[in-house]
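Structural overview
Listed below, chain by chain, are the residues.
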Amino acid sequence: MPRWREVPPQDGRRFVVTGASSGIGLEVARALAGAGGQVVLAVRDRAKGERVAADLPGRDEGRVEVRVLDVADLASVRAFADDLDRVDVLVNNAGVLGMPFGRTADGFETTLATNHLGHFALTNLLLPRLTDRVVVTGSRAHLHGDLDPDDLGWERRTYRPYAAYAASKLANLLFLAELQRRLTAAGSTLRATGAHPGSTATAITASSGNAVLTWVGSWGHRLAGMQPWQGALPTLYAATMDVPGNTYVGPHGPGEMQGWPTTARRAPAALDPDLARRLWERSEELTGVHFPL
């Protein structure tokens, strides 16, 4: 398998990376800035964002900026989108895993709000200002996902943190496919691509409140998985290489746990156009944001 790790020059191209203050998001931002790109770090904590931005290539030349975005809060999503002009690539990276049941300020279940609904709204709000593509972050967990568009808030089912995460990741891949269908039908040259990082050492479980999950996220993947710079490669490939819309990228190794970027596997449910349409329509109802093209 060719070991792709060289991001092509990105001079003059502007990227928005959500969840860019740590983990995969930070490594994606670092690599894009190192390749000459202009990078907006979309983060919940401005102070943390400023600290990590200080060490990124291009910060002194004004190519790296920090903006506040909480994807779990629609008011924050709208304010962020309203304050942006032209963007070439939107990288929807922010996410949570293993969260106890909770609801956001908008009344949405926290995991779905963070991993899907917020990015759904952000993407559609920014589409008129995008010039190239949207990158959606998936996960191998989507293979176990069971998504009910009529019960996205877990009101009729017993809430389980991992099941909620898997469902949200299935929602990401359904969103990827349906977004590309709608872009194509609208005659748009924009494209939607996706990627997953396999087994990578990040702090995604740090806010779960579960000591075991936090240990696995912080140390388990360090023992068995990739370092964040390598786990970021599928996302970087999906964001910068000339691939068709609806391409989904992941590590090439056994179980797609480790390795170098290649085409990734999708569950049959992730390819179900009816389920994708139903999820899209329900997401529009919940967020009040619609496909603008």
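That block above? That's the structure.
In this report, the structure presented in the accompanying data block is examined. (Residues numbered from 1 in each chain as written. Predicted model: local features only at pLDDT ≥ 70, side-chain atom pairs only at ≥ 80, totals over all residues. Heavy atoms only, no water.)

1. Notes on helix 5 (residues 161-185)
Taking 1.5 Å of rise per residue, 25 residues should cover 36 Å, and helix 5 covers 36 Å from first to last C-alpha, within 8% of that figure. In terms of burial, helix 5 is a largely internal element, 19 of the 25 residues being buried. Once helix 5 ends, the next one or two residues include Gly187, with phi positive near 75 degrees. (Helix = DSSP H or I, 4+ residues; strand = E, 2+ residues; numbered from the N terminus. Expected span 1.5 Å × (residues − 1). Buried < 20%, exposed > 50% of the residue type's maximum accessible area, 1.4 Å probe, protein only.)

2. Quick notes on the sheet that holds strand 8 (residues 261-263)
Taking strand neighbours across the sheet as the criterion, the eight strands line up as 3-2-1-4-5-6-7-8 in an open arrangement whose pairing is mixed. Either end of the sheet is taken by a strand with one partner, and the two such strands are strand 3 (64-68) and strand 8. Averaged over all neighbouring strand pairs, the angle between strand axes comes to 25 degrees, with direction disregarded. When strand 2 (residues 38-43) meets strand 3, the two strands line up parallel, connected through five bridges. Paired with Val40 across the strands is Glu65, a residue of strand 3. Along the sheet face, helix 2 (residues 46-53) touches strand 2 and strand 3 and points at about 170 degrees away from the line of strand 3. (Pairing = 2+ DSSP bridges. Axes fitted to C-alpha atoms, helices over the stretch in contact; angles between N-to-C directions. Contact = heavy atoms within 4.5 Å.)

3. Topic: the packing of helix 4 (residues 110-126) against helix 5
Where helix 4 contacts helix 5, the two axes come as close as 7 Å, and the packing angle between them is 20 degrees. The angle between helix 4 and helix 5 falls in the class roughly parallel. Two packed elements cross with a definite hand, and for helix 4 against helix 5 that hand is right-handed. Contact with helix 4, carried on its side by Thr111, Leu112, Asn115, His116, His119, Phe120 and Thr123, involves Ala164, Tyr165, Ser168, Lys169, Ala171, Asn172, Phe175 and Leu179 of helix 5 and no other residues of that element. For the contact of helix 4 with helix 5, a count of residues per class yields seven nonpolar, seven polar and one charged. (Parallel < 35°, antiparallel > 145°, perpendicular 65-115°, else oblique. Left-handed = near helix turned anticlockwise from the far one by under 90°. Nonpolar A, V, L, I, M, F, W, Y, C, P; charged D, E, K, R; others polar.)

4. Here's the deal with the side chain of Asp132
Mapped onto the elements of the fold, Asp132 is located in strand 5 (residues 130-137). For Asp132, the contacting residues outside a window of four places in its chain are Arg13, Asp88, Val89, Thr189, Leu190 and Arg191.

5. Observations regarding the packing of aromatic side chains
A complete count under the given rule lists nine aromatic pairs for this structure. Seen in terms of ring centroids, Phe120 and Trp280 are 4.8 Å apart; in terms of plane orientation they differ by 75 degrees. Their pairing is edge-to-face. Here the residue Phe120 occupies a position in helix 4, and Trp280 occupies one in helix 9 (residues 273-287), the gap between them amounting to 160 residues. Since its relative accessible area comes to 2%, Trp280 is described here as buried. Between the aromatic rings of Trp229 and Trp260, the centroid separation amounts to 6.3 Å while the plane-to-plane angle is 50 degrees, which identifies the pairing as tilted. (Phe/Tyr/Trp six-rings, centres within 6.5 Å; stacked < 30°, edge-to-face > 60°.)

6. Observations concerning the pattern of salt bridges
According to the stated counting rule, one finds 22 salt bridges in the structure shown. Measuring nitrogen to oxygen at the nearest pair gives 3.8 Å for the salt bridge that ties Arg103 to Glu155. One end of the pair, Arg103, is in the loop between strand 4 (87-92) and helix 4; the other, Glu155, is in the loop between strand 5 and helix 5, with 52 residues separating them in the sequence. Given the relative accessible area of 64%, Glu155 is considered exposed. A salt bridge links Asp151 to Arg157; the shortest N-O distance between them is 2.9 Å. Of the residues examined, Asp151 reaches a relative accessible area of 2% and is grouped as buried. On the basis of relative accessible area, Arg157 is assigned to the partly exposed category, the value being 27%. What emerges from the salt-bridge pattern is a single network uniting Arg13, Asp132, Arg133, Arg191 and Asp242. (Salt bridge = Lys/Arg side-chain N within 4 Å of Asp/Glu carboxyl O.)

7. Here's the deal with the pairing of strand 5
With seven of eight residues buried, strand 5 lies mostly within the body of the structure. Pairing of strand 4 with strand 5 involves five bridges; the strand directions are parallel. Each bridged residue has a counterpart across the sheet, and for Val91 the counterpart in strand 5 is Val135. Traced from strand 4 through helix 4 to strand 5, the parallel crossover comes out right-handed. In the sheet, strand 5 pairs with strand 6 (residues 191-195) via five bridges, with the strands oriented parallel. By the bridge assignment for strand 6, Thr137 is matched with Ala195. One crossover worth recording links strand 5 to the parallel strand 6 by way of helix 5, and it is right-handed. (Right-handed = clockwise from strand over helix to strand, strands pointing away.)

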